[in-house]
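# Structural overview
Spelled out from the first residue to the last, the chains are:
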Amino acid sequence: MIKFGPSGNGEAFYASGKSTSKEASEYVKNLGLNCFEYSFGRGVTLSEKTAIEIGDAFKENGVELSVHAPYFINFASVEEEKVQNSYGYLLKSLKYAKLMGANRVVFHPSTQGKLSRNEAVDLTVERLKNLAVLIDDNGYYDMLVCPETMGKVNQLGSLSEVMALCKVDERIVP
């Protein structure tokens, strides 16, 4: 079944007098929508308790949740520290997604940087193979990670690039 819903809360949400993510579940439901993407774009900053409460509100309203991992992820970085941080950002997003009752984590896979486009894609593919192992090692084998198509020239994310990434593991889906 195709599901429709917003990524985060827009101006109309706040103009309606709502202000919390828990309220977004009822707001989205009343719009006739059936999913919502919670953004960790600038990092995972909420408490585990709050994550569970948000997840409970969405479950009560029958609205499916996904989360968007931090924007800092770059699996094509030539700096090992940034790669390790990218694994950490994605794993932490998976942890909080699970607490919220979500089973999908959307992410921007990488930027090209000074590499050729093919080198960046190949490097990202190899690092997603490592990610698949880390997903299992951390008990998130029932979760999906979803590379997002991107429109910016320097970011990986054309349809063909995303499809190449999705061939790495059955849990990597667009």
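Structure's up top.
Residues numbered from 1 in each chain as written. Predicted model: local features only at pLDDT ≥ 70, side-chain atom pairs only at ≥ 80, totals over all residues. Heavy atoms only, no water.

### Quick word on the packing of helix H4 (residues 80-100) against helix H5 (residues 117-137)
Heads up, the rule is: Axis geometry follows a simple rule: fit a line to the C-alpha atoms, using only the stretch in contact for helices, then measure angles between N-to-C directions, giving values from 0 to 180 degrees. By the criteria applied, helices consist of DSSP H or I runs no shorter than four residues and strands consist of E runs no shorter than two, each listed in order from the N terminus. An angle below 35 degrees is treated as roughly parallel, one above 145 as roughly antiparallel, one from 65 to 115 as roughly perpendicular, and anything else as oblique. By definition, any crossing whose near helix is turned counterclockwise from its far helix by less than a right angle is left-handed, and any crossing with a clockwise turn is right-handed. The contact definition used throughout considers only heavy atoms, calling two residues in contact when any of these lie within 4.5 Å. Side-chain classes follow a simple rule in which Ala, Val, Leu, Ile, Met, Phe, Trp, Tyr, Cys and Pro form the nonpolar group, Asp, Glu, Lys and Arg form the charged group, and the remainder, Gly included, forms the polar group.
Axis separation between H4 and H5 bottoms out at 11 Å; the angle between their running directions is 40 degrees. When the axis of H4 is compared with that of H5, the two are oblique. In the crossing of H4 with H5, the sense of the turn from one axis to the other is right-handed. Of H5, the residues touching H4 (which contributes Glu80, Val83, Tyr87, Leu90, Leu91 and Leu94) are Arg127, Asn130, Leu131, Leu134 and Ile135. Its residues assigned to classes, the contact of H4 with H5 comprises 8 nonpolar, 1 polar and 2 charged.

### A few points about the sheet that holds strand E3 (residues 104-107)
Picture the strands of a sheet paired through backbone hydrogen bonds; they go either parallel or antiparallel. Convention followed: At least two DSSP bridges between two strands are required for those strands to pair.
With parallel pairing, the 4 strands of this open sheet are ordered in space as E1-E2-E3-E4. The two strands at the open ends of the sheet, each matched to only one other strand, are strand E1 (35-39) and strand E4 (144-147). Neighbour-to-neighbour, the strand axes of this sheet turn through a mean angle of 30 degrees, independent of strand direction. Examined bridge by bridge, E1 and strand E2 (residues 64-68) share 5 bridges and lie parallel to one another. Looking at the pairing, Phe36 lines up with Leu65 of E2.

### Comments concerning the side chain of Ser77
What counts is decided by this rule: Only protein chains enter the area calculation, which uses a 1.4 Å probe; residues under 20% of their type maximum are buried, those over 50% are exposed, and those in between are partly exposed. Polar contacts, as used here, are pairs of N or O atoms within 3.5 Å; protein pairs need one atom able to donate a hydrogen and one able to accept it. Residues neighboring in sequence count only if both atoms are side-chain atoms.
As for its position among the elements, Ser77 is in the loop between E2 and H4. Classification of Ser77 by relative accessible area gives buried; the value is 6%. A distance of 3.0 Å separates a polar side-chain atom of Ser77 from the backbone nitrogen of Glu79. Every residue in contact with Ser77, bar those within four places of it in the chain, is listed here: Lys82, Val83, Leu123 and Arg127.

### Description of the nonpolar core
To be explicit about the condition: The criterion is simple. A nonpolar core is a set of buried Ala, Val, Leu, Ile, Met, Phe, Trp, Tyr and Cys residues joined through side-chain atoms within 4.5 Å.
Judged by nonpolar contacts, the single largest core of 45 residues is most densely connected at Tyr38, Leu90 and Leu94. Of all elements in the fold, only helix H2 (21-30), E1, helix H3 (48-60), E2, H4, E3, H5 and helix H6 (159-166) reach the threshold of two or more residues within this core.

### A word on the environment of Glu23
On the secondary structure map, Glu23 appears in helix H2. Here the alpha-carbon distance between Glu23 and Phe13, two residues 10 residues apart in the chain, equals 9.2 Å. What Glu23 contacts, discounting residues up to four positions off in sequence, is Phe13 and Lys18. A polar contact is formed between the side chain of Glu23 and the backbone nitrogen of Ser19, at a distance of 2.7 Å.

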